[in-house]
Amino acid sequence: MNVHTIICLIHAISGWILFQCIPACTTSETDTFKTTVVPNEFIVQFHFKYFPTVRESYIRTKLLSSNLSNWRILPRNNLASQFPSDFDILRVLDKENSSVEQIVKKVASHPSVKAVVPQRSVQRTLAWALNGTQSRQTLGIVRKEDKRSRRVSSVLHANVLWNLGITGKGVKVAIFDTGLSKNHPHFRTVKERTNWTNEKSLDDKVSHGTFVAGVIASSKECLGLAPDAELYIFKVFTNSQVSYTSWFLDAFNYAIHRKVNILNLSIGGPDFMDSPFVEKVLELSANNVIMVSSAGNDGPLYGTLNNPGDQSDVIGVGGIQFDDKIAKFSSRGMTTWELPLGYGRLGLDIVTYGSQVEGSDVRTGCRRLSGTSVSSPVVAGVAALLISGAFHRMELINPASLKQVIIEGAEKLPTYNMFEQGQGKLSLLKSMQSLLSYRPKISLVPPLLDYTSNYMWPYSSQPLYFGSSVAIVNVTILNGISVTSRVVGTPKWIPDVEHNGHFLKISTRYSPTLWPWTGWMAVYIAVNKDGEGYEGVAKGKISLIIESLRDKSNETVSSEVIFPLTIKVTQKPPRNKRILWDQYHSLRYPPRYIPRDDLKVKSDPLDWRADHIHTNFKDMYTYLRNVGYYIDVLREPYTCFNASDYGTLLIVDPEKEFDDAEVHILREHVHKDGLSVVIFADWYNTTVMKKIKFFDENTRQWWIPDTGGANIPALNDLLQPFGIAFGDFVGEAHFKLGDHSMYYASGTTIVKFPANPNDIVVGASLNDQGQSIITGSKSSKKEPKKVVPILGLFQTNSSNEGNNDADTISIDDPKHKGRFLRPKLDFAMNAHKSSLLQNLNRMSEFRKVADKPLPLRISSNSSKPAVTDRSARLLHCEQLDWLSPTLSKTNHHVEEQPTVEWVASELERAEQQNNQIKQILDAAIMKSSQDAEYLMGSQADISLGTSMMFIFCLSCFVIVLFVLFVKRRFIL
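The protein is annotated in an unreviewed UniProt entry as Membrane-bound transcription factor site-1 protease from Drosophila madeirensis. Under the Sequence similarities (unreviewed entry) heading, UniProt states for the protein: "Belongs to the peptidase S8 family."

Next up, the structure:
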């Protein structure tokens, strides 16, 4: 999202305040899917699967006993209805809110009912492009024909496997999309077409489903990867691109019944809290269905991974171009499930071709699409080839083991970090090699943590030091041995004393049970007191024992997993180089209705993602690091950090309330400890908020945002001790501040500010964007602009050194953002006022403006308690249990790990064949590497030749112009 924010910087020597609206990113977000709640419809989830009559009896018993009759169970006339199911769709006929709540509460109280959640619909947006004049965009975008585009089957060298008779035969691939026309000439083996929508036709009227199927299994014209794969077509989107959670749930249940091997899901969205959907994906994995899903098209912004591609049991796929550059549209990690109190997972597993990929058209012929919905079927097709080439090892193939061989075969792309490329670029042949020699095992993603590798950004961007906040790395555990396992005992920390590992202290948290096939381990890393003066690299490893249960033999297997650590350590930086980022007051996920920061974004009003320095504020983080600042992340209340360690506290776009104790302690930190504070926030206007309200059919209430772009009333409470306040004017305009061109987007203004002789207030002429929204007028730019205060510098009267800053400038250009932020931090840290800000001071003018009433918290808001309920918030400081170091493996007992013995008669008989295939793959991989090197050399030669030709032509052009000038000047 485009985040246009406010800076409020508070420091305590004399005190200044400086307000600046700064965007976290310069790109706009693509709204691919829009989710809404269906009026008065609920999904009733059961703990187990029952036939319809049993499920109905459970619901009827509860409701009729309370004389509740205004309801009915909606019939589901599809193929899944003949089998037991674990959910029903309940429609409440009475629209009164009290009746709806009573019915839902009664049904949920039945012991067999797991949960009652709203039914959701999803609208997928497709934008077409023909001959470059249109653009179709779902998780797929159609673009103009480009002869440089290539078929993925050719680029991935699928013909090597085809020549060995490996063509996907016998592998069941389910495609959840818009359907497929009957008797399409490109497909050999369409086993079944099913319709889960409310339309009658099974045909694909949109062509997206046809294209996806073609990438996987087309056998003519535009060749797919696995032309003999058995296709199971699930039409889950209507021709108008509408679907429902219940349609997916029924289709998922049927896919489990059909025992499909692979399920491609070229969809995604930010709603990782749609529990029925998420839990059904877990059930699919538990039933050995390998799900492949697109990562999303919300790049290049970080923290934009879509669900279910960001689930650890799913293979999440990003997109690259044919020149091996990450596609701009491809969503990046990290996951945001864990924010604000933790840190995200890697989330993205693999990247492959997703730009200008060729696939089947709706009737016949070929077309090209771009998007991660294109990359996803590439991986699904590769998975089908892998399985068909290892049928004799089918007992070893499961969602974890296949993910393991795919990421182990991946090739790292230079210059890209792990949040951009996951484990690297997909390699069909290397993954085939890996699968043919695979033995069941447990592995970690990422497999290690190395601060010295640029691939490991952001860890590589800042070393640890004594007193810094803990670094967190979330590790996904993949268990290729069994669907269920558990962690035995406590992980061991084994420092490498020869490489200064004793300077580190380690804590871990983990999932006691791993299911299905996966689990997690959070590793907390800090430097201990002994490492205070050390600068260099510290190494060690964490040992984890996992006990797996093999289903067929009912035997347990213990495996030791090692997570190596290589940590850069530096000496403690001076206070004026240390910044503390407040993550604690950002929301993890919208509890009900949190609007976007930029009011120009109309397509999706919800702000789905938490702010973080490594996601939407990555550019700012990079700038601050480049100019020498160290940034720690605060995941606790203000009562939990030592203010004397930091020069500045950054409070960025806060949505939560500040506790009374936090308001008090911050004042103490500023006046007594000399702490500076920088606050980034956005617009807030209760009338505007009421204007953008919407009617929630679930609760039968009008929903008004919990807050604006930022919680201004809460910020005003925080700043009240300093005599500073923001107003409810919502401004927008392009303007100049000195020589810097800037854009102010949906920002607020200063309405209360100290008038000390050395204070600074800067203003700008802005459009009244709030008024245009309230009146519904589109002509706000035609109205006269208002000159309002947008930036201030304030210095407190304190014997200790400190400054207060606040500003409200919005800057679209990251260069300007950095250029404008640095003087404020210099002022905050060192009490240095730039000449630019002093020259723009309009304090005397704004001092005459009458005080305005401060914005109040919005009333009659059903979602208010979700943000402001202080009793529900974490008010204690985090306590970590540090692991006692184990100096060597001999000092702790690790039971002898039994070899994972499998019934391998067929494996032994096929070993000779495997070796022959491996030799062929080795030769093919070597040849493809040589071809790639030659191509790169050729491209370099072409590039050099093109450059020389351009210079020659330019020189000729300049000479001609010079001759004409001379002729005109002197001859005429």
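*Asks:* Please set out the overall build of the protein residue by residue, giving values where relevant.
*Replies:* Scanning the protein for helices and strands turns up 22 helices and 39 strands. A total of 972 residues make up the protein; the buried ones form 60% of that total. Of the contacts made within the protein by residues no fewer than 6 positions apart, 80% connect residues no fewer than 24 positions apart. Surface accessibility of the protein: about 38,800 Å² in total, with carbon and sulfur atoms responsible for 52%.

*Asks:* Help me get a handle on the pattern of salt bridges, residues and values and all.
*Replies:* Inspection of every chain in the model, using the stated rule, returns 34 salt bridges. Residues Arg55 and Asp88 are paired through a salt bridge, measuring 3.0 Å at the closest nitrogen-oxygen approach. Here Arg55, found in helix α1 (residues 52-64), pairs with Asp88, found in strand β4 (residues 85-92); they are 33 residues apart in sequence, far enough to count as distant. Across the pair, exposure class does not vary: Arg55 and Asp88 are buried alike. Where Asp349 meets Lys403, a salt bridge forms, and the shortest distance between an N and an O atom there is 3.2 Å. Of the two residues, Asp349 is situated in the loop between β14 (315-320) and β15 (350-353) and Lys403 in helix α9 (residues 399-408); the sequence distance between them amounts to 54 residues. In this structure Lys403 comes out as buried when scored by relative accessible area, which is 3%. Taken together, the shared-partner salt bridges in this structure form one network comprising Lys49, Asp86, Lys280 and Glu283.

*Asks:* So what's going on with the pairing of β4? Which residues, and what values?
*Replies:* Most of β4 sits out of view: seven of its eight residues are buried. Pairing between strand β3 (residues 71-73) and β4: three bridges, direction antiparallel. Considered in β4, the bridge of Arg72 is made with Arg91.

*Asks:* Any details on the packing of aromatic side chains? Residues and values, ideally.
*Replies:* Each aromatic ring pair is summarised here by two numbers: the centre-to-centre distance and the angle between the ring planes. Overall, the coordinates contain 28 aromatic pairs when judged by the stated rule. Between Phe237 and Phe248, the ring centres sit 6.0 Å apart and the planes meet at 80°, which makes this aromatic pair edge-to-face. Highlighted residues: Phe237 in the loop between β10 (230-235) and β11 (242-244) and Phe248 in helix α6 (residues 245-257), separated in sequence by eleven residues. Relative accessible area serves as the criterion here: at 3%, Phe248 is assigned to the buried category. Through successive ring pairs, a cluster of aromatic residues spans Phe83, Phe176, Trp196, Phe234, Phe237, Phe248, Phe252, Tyr254 and Phe277. The ring of Phe87 carries Arg76 above its face, with NZ or CZ at 3.9 Å from the centroid. In this arrangement the basic side chain of Arg345 is found over the ring face of Trp337, its NZ or CZ atom lying 5.5 Å from the centre.

*Asks:* Please set out the sheet that holds strand β25 (residues 536-550) residue by residue, giving values where relevant.
*Replies:* Through backbone hydrogen bonds, the strands of a sheet pair up, either in parallel or in antiparallel fashion. Read from one edge of the open sheet, five strands run β19-β26-β25-β21-β23, paired in mixed fashion. Both edges of this open sheet fall to β19 (449-450) and β23 (513-514), since each of them pairs with a single strand only.

Here is what the cut-offs are and how they apply
Residues numbered from 1 in each chain as written. Predicted model: local features only at pLDDT ≥ 70, side-chain atom pairs only at ≥ 80, totals over all residues. Heavy atoms only, no water. UniProt positions renumbered as here; feature names shortened; annotations may be inferred. Helix = DSSP H or I, 4+ residues; strand = E, 2+ residues; numbered from the N terminus. Buried < 20%, exposed > 50% of the residue type's maximum accessible area, 1.4 Å probe, protein only. Contact = heavy atoms within 4.5 Å. Areas by Shrake-Rupley, 256 points an atom, 1.4 Å probe, with all protein chains shown as cover. Salt bridge = Lys/Arg side-chain N within 4 Å of Asp/Glu carboxyl O. Pairing = 2+ DSSP bridges. Phe/Tyr/Trp six-rings, centres within 6.5 Å; stacked < 30°, edge-to-face > 60°. Lys NZ or Arg CZ within 6 Å of the ring centre and 35° of its normal.

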